[in-house]
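# Working through the structure, step by step
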Amino acid sequence: MSDLSGLPGTAPANDDPTNTRAYRVAKTATIVLGILIMLAFLALVVGFILRLTGHRTSVEPAAEAPQIYQLRIGARITDMKVDAGHVILSIKTDQGQEIEIVDEESGRVVTRIVAPK
């Protein structure tokens, strides 16, 4: 048998391959990437738990003052009902009948249905 340790690019048979620079860099990169994967998984689990329990991580804006709802000139309310946090208005205008659904808290018009004359 011939001794191949004299060839360029080969390590002598008695040297430890784990003692090379490339091995140490690869081992360090593997450990760092493993830690990053564990942190990402932990963040995913924490986010999932927060979503299930209903906790909010963002700051909610301050409540706005309710909008003032004003009918158009010549319009009048013919019927009004309250249902699930909304006020349903039947309105008669010069252009015809309308139904407007208004959010009870904010006073904003959620839906407007117009029936022409």
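In what follows, the structure referred to is the one given above.
Every value quoted in this text rests on a predicted model; they were computed, and no experiment measured them.

## Let's talk about unusual backbone geometry
In this model, Ala 84 sits at a positive phi of 50°, which is unusual for a non-glycine residue. By secondary structure assignment, the location of Ala 84 is in the loop between strand 1 (76-83) and strand 2 (86-93).

## Side note on the nonpolar core
Grouped together as the largest cluster of nonpolar side chains are five residues: Ala 75, Val 87, Leu 89, Ile 91 and Val 102. Broken down by element, the residue count for this core peaks at three residues, all from strand 2. Contact partners of Val 102, with chain neighbours within four places excluded, come to Tyr 69, Gly 85, His 86, Val 87, Leu 89, Gly 107, Arg 108, Val 109 and Val 110.

## Brief notes about helix 1 (residues 21-53)
Look at helix 1: 48 Å from first C-alpha to last across 33 residues, which is about the 48 Å you get at 1.5 Å a residue. Positioned one or two residues after helix 1, Gly 54 has a phi angle of 85°, which is positive.

## Describing the pattern of salt bridges
Summed over all chains, the structure comprises four salt bridges. When the shortest N-O distance is used, the salt bridge between Arg 112 and Glu 98 registers 2.9 Å. You can see Arg 112 sitting in strand 4 (residues 109-116) and its partner Glu 98 sitting in strand 3 (residues 96-103), a full 14 residues away along the chain. On the basis of relative accessibility, which here comes to 44%, the residue Arg 112 falls in the partly exposed class. Accessibility expressed as a relative area gives 4% for Glu 98, which makes it buried. Two residues, Arg 112 and Glu 100, come together in a salt bridge whose shortest N-O distance is 3.3 Å.

## Topic: the side chain of Glu 100
With respect to the helices and strands, the residue Glu 100 is situated in strand 3. Judged by relative accessible area, Glu 100 falls into the buried class, the value being 5%. Side-chain polar atoms of Glu 100 contact the side chain of Arg 112, separated by 3.3 Å. Excluding residues that lie within four positions of it along the chain, Glu 100 makes contacts with Tyr 69, Arg 72, Val 87, Ile 88, Leu 89, Ile 91, Val 109, Thr 111 and Arg 112.

## A look at the sheet that holds strand 3
What the four strands build is an open sheet, ordered 1-2-3-4; its pairing is antiparallel. Both edges of this open sheet fall to strand 1 and strand 4, since each of them pairs with a single strand only. Averaged over all pairs of adjacent strands, the angle between their axes in this sheet comes to 15°, without regard to strand direction. Pairing between strand 2 and strand 3: eight bridges, direction antiparallel. Among the inter-strand pairings, Val 87 is bridged to a residue of strand 3, identified as Val 102.

Definitions and limits used
Residues numbered from 1 in each chain as written. Predicted model: local features only at pLDDT ≥ 70, side-chain atom pairs only at ≥ 80, totals over all residues. Heavy atoms only, no water. Helix = DSSP H or I, 4+ residues; strand = E, 2+ residues; numbered from the N terminus. Core = buried A, V, L, I, M, F, W, Y, C linked by side-chain atoms within 4.5 Å. Buried < 20%, exposed > 50% of the residue type's maximum accessible area, 1.4 Å probe, protein only. Contact = heavy atoms within 4.5 Å. Expected span 1.5 Å × (residues − 1). Salt bridge = Lys/Arg side-chain N within 4 Å of Asp/Glu carboxyl O. Polar contact = N/O pair within 3.5 Å; in protein donor to acceptor, adjacent residues only side chain to side chain. Pairing = 2+ DSSP bridges. Axes fitted to C-alpha atoms, helices over the stretch in contact; angles between N-to-C directions.

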